[in-house]
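# A look at the structure
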Amino acid sequence: MTNAAIFTVTQLNAEVRQVLEQGFGSIWLIGEISNFAAPGSGHWYFTLKDERAQIKGAMFRNANQRAKVRPQHGMQVLVRAKLTVYEPRGDYQLIVEHMEDAGAGLLQQRYEQLKRKLHAEGLFASEHKLPLPEKIQRVGVITSPTGAAIRDILAVLKRRDPQVEVIIYPSAVQGQAAVNDLLFALQRACARDEVDVLIVTRGGGSLEDLWCFNDEQLAYALHSCPLPVISAVGHEVDFTIADYVADVRAPTPSAAAELVSRDQRETLQRLQQLEHRLQQYWQRQRSFTQQTLQHWLQRLQQQHPQRRLQLHSQRLDELMVRANHAIRRQQQYTQQRVVQQQQRLASLHPQRQLPMLTQQVERLQQRAATAIKQTLTRYQQQQQNRIQNLQLVSPLQTIARGYAVVRSEQGELIRAPEQLAVGETFSVKVAEGEFQAQKIAAK
């Protein structure tokens, strides 16, 4: 008997299990399902095999509840599992953590590899993405002309913004020929350059159905497209390479249509708001204009030539009164002088001086009369000059030369045709009177 360690079967199976679990960790396998069993415990038991070998597997309930497929006999699956040993029987087996259809799983791997590659090349970078135009009048759609996606887009645009024109670039969106069709349609849309934005779209489907939108050539073509591109492929949970490369990703075709359209109700509400603001602005301007006109009207009334004429007339009246008083005083003074001279003459009574004194009296009377006439003439000339000056600035004199004063029905002075509306009546004052008129047209 040697000194080598002696294992029990239990110890050996435990050691092998530990070596397998630590040595391999999680691994991916592809194989065919056979001997599938699902007892009441909810766990799955099966055999995974290929042409020349097989291995037992188990997927416990907490893991298989998240599985995308339910195993069936003969199904090819891709699994992620840990390698272990079922110690009671010493069976070498897999504990499966994830399971999916083998075809979809391989496509998913190719999808992730291409996604990492294009991301590293910068095709997903936001600085390369074009913004959508603010005003969109024409939309191009690359899709199947008979698919549900184009019907959804047309229905949304008809409801929200019927003015938007739609140009369809037909293309297959599934199958082997779809990639070439999509590339040709994209190339044609770029060459014709007739739309404001481009939507690449189709309805929902499996990963295989959407695979043409995960093509590398299509990704490069979308990246170099000079038009803004919206990708709306599949449902909200579906993500394709086209979604990452496009300038904008829409979760559904209908959502893409909403992005390129304006809701008529929002536009109407905006117009109503602008109309309300315009009315408020007009009312404020009208009130300000009325206040300004009232202010200038008051100033005009205070400085009107008629008012000045009245003031000068009053001043003339005062001067006439003063002139009359002065004349009477002068007459009284002259009369007093005459009386004095007569009294002196009577007291002296020199017969020799009588003729001379008589002549002197006559001269004095003539001088008094002349002074009175000169004073009256001077005051009359001053009055006439003032009247002529007032007539020069009087609006009546202006009217007499052929001009007219136009006022609205409210009495406002009209200086411009824009102050009167078509059909509005107004008064016209001319030299010989005043008459009513009506505006019949705008120049």
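These figures come from a predicted structure and were not determined experimentally. (Residues numbered from 1 in each chain as written. Predicted model: local features only at pLDDT ≥ 70, side-chain atom pairs only at ≥ 80, totals over all residues. Heavy atoms only, no water.)

### Concerning the overall build of the protein
A count of helices and strands for the protein gives 12 helices and 13 strands. In terms of C-alpha radius of gyration, the protein reaches 57 Å, well past the compact-globule figure of 22 Å for 443 residues. Taking the principal axes of the C-alpha coordinates as reference, the protein spans close to 205 × 60 × 40 Å. Expressed as a percentage of the 443 residues in the protein, the buried residues total 29%. Residue pairs in contact within the protein that sit at least 24 positions apart in sequence constitute 60% of those at least 6 positions apart. As displayed, the protein offers around 29,700 Å² of accessible surface, 51% of which is attributable to carbon and sulfur atoms. Side-chain charges of the protein comprise 53 positive and 42 negative groups, with the mean position of each set lying 25 Å from the other. (Helix = DSSP H or I, 4+ residues; strand = E, 2+ residues; numbered from the N terminus. Rg over C-alpha atoms; globule rule 2.2 N^0.38 Å. Buried < 20%, exposed > 50% of the residue type's maximum accessible area, 1.4 Å probe, protein only. Contact = heavy atoms within 4.5 Å. Areas by Shrake-Rupley, 256 points an atom, 1.4 Å probe, with all protein chains shown as cover. Lys, Arg positive; Asp, Glu negative; His and termini not counted. Charge placed at Lys NZ, Arg CZ, Asp CG, Glu CD.)

### Considering the nonpolar core
Formed by 35 residues in total, the largest nonpolar core has its most connected members in I142, Y169, L198, F213 and L222. Sort the elements by how many residues they give to this core and helix α5 (residues 178–192) lands first, with seven residues. Not counting residues up to four positions away in its chain, the partners in contact with L198 are G140, V141, I142, Y169, L186, A189, P228, V229 and I230. Counting residues in each nonpolar core, the second largest holds 18 residues, with A63, V69, V79 and A81 among its members. (Core = buried A, V, L, I, M, F, W, Y, C linked by side-chain atoms within 4.5 Å.)

### Let's talk about unusual backbone geometry
If you check the backbone angles, N35 has positive phi at about 55° while not being a glycine. By relative accessible area, N35 is classed as exposed at 56%.

### Quick word on a nonpolar patch on the surface
A cluster of nonpolar side chains, namely F7, L12 and V16, defines an oily patch on the protein surface of about 260 Å² accessible area. You can see L12 is positioned in helix α1 (residues 9–24). Residue class for L12 comes out partly exposed when judged on its relative accessible area of 44%. (Patch = residues over 30% accessible without salt bridge, like charges linked within 9 Å, V, L, I, M, F, W, Y side chains within 5 Å. Salt bridge = Lys/Arg side-chain N within 4 Å of Asp/Glu carboxyl O.)

### Side note on the packing of aromatic side chains
This model, assessed by the stated rule, comprises three aromatic pairs. Through a chain of ring-to-ring contacts, three or more aromatic side chains come together here, namely F124, F239 and Y244. A cation sits over an aromatic face here: R249 above F239, 3.9 Å from the ring centre. Seen from the ring of Y379, R378 lies directly overhead, with NZ or CZ sitting 5.6 Å from the centre. (Phe/Tyr/Trp six-rings, centres within 6.5 Å; stacked < 30°, edge-to-face > 60°. Lys NZ or Arg CZ within 6 Å of the ring centre and 35° of its normal.)

### Considerations on the sheet that holds strand β13 (residues 433–438)
Adjacent strands of a sheet form backbone hydrogen bonds with each other and so pair up, either parallel or antiparallel. Here three strands make up an open sheet; going across it, the order is β11-β12-β13 and the pairing antiparallel. Of all the strands in the sheet, the pair left with one neighbour each is β11 (405–408) and β13. Pairs of neighbouring strands in the sheet enclose a mean axial angle of 25°, with direction left out of account. Relative to strand β12 (residues 425–430), β11 is paired through four bridges, and the arrangement is antiparallel. Within β12, the position partnered with V405 by the bridge is K429. (Pairing = 2+ DSSP bridges. Axes fitted to C-alpha atoms, helices over the stretch in contact; angles between N-to-C directions.)

### What about the environment of A219?
Secondary-structure assignment places A219 in helix α6 (residues 216–223). Taking the C-alpha atoms as reference points, A219 and L123, 96 residues apart in sequence, are found 8.1 Å from one another. Beyond its immediate stretch of four places on either side in the chain, A219 contacts L118, L123, I241 and V245.

### Describing α1
The first and last C-alpha atoms of α1 sit 22 Å apart over 16 residues, in line with the 22 Å expected at 1.5 Å per residue. Phi for G25, located one or two positions after α1, is positive at around 65°. (Expected span 1.5 Å × (residues − 1).)

### Quick look at the sheet that holds strand β10 (residues 248–249)
The five strands are arranged β7-β6-β8-β9-β10 in an open sheet whose pairing can be described as parallel. Here the strands that pair on one side only, and so sit at the sheet edges, are β7 (165–170) and β10. With four bridges connecting them, strand β6 (residues 138–143) and strand β8 (residues 197–202) associate as parallel partners. Bridge assignment links G140 to a residue of β8, and that residue is L198. Helix-sheet contacts for α5 involve β6, β7 and β8, and the interaxial angle to β7 is about 140°.

### A closer look at the side chain of T143
As for its position among the elements, T143 is in strand β6. Take T143: its relative accessible area is 2%, and that puts it in the buried class. Of the polar contacts made by the side chain of T143, one reaches the backbone oxygen of T201; its length is 2.8 Å. If near-sequence neighbours (up to four positions away) are discounted, T143 is found in contact with A149, I150, Y169, P170, S171, V173, T201 and R202. (Polar contact = N/O pair within 3.5 Å; in protein donor to acceptor, adjacent residues only side chain to side chain.)

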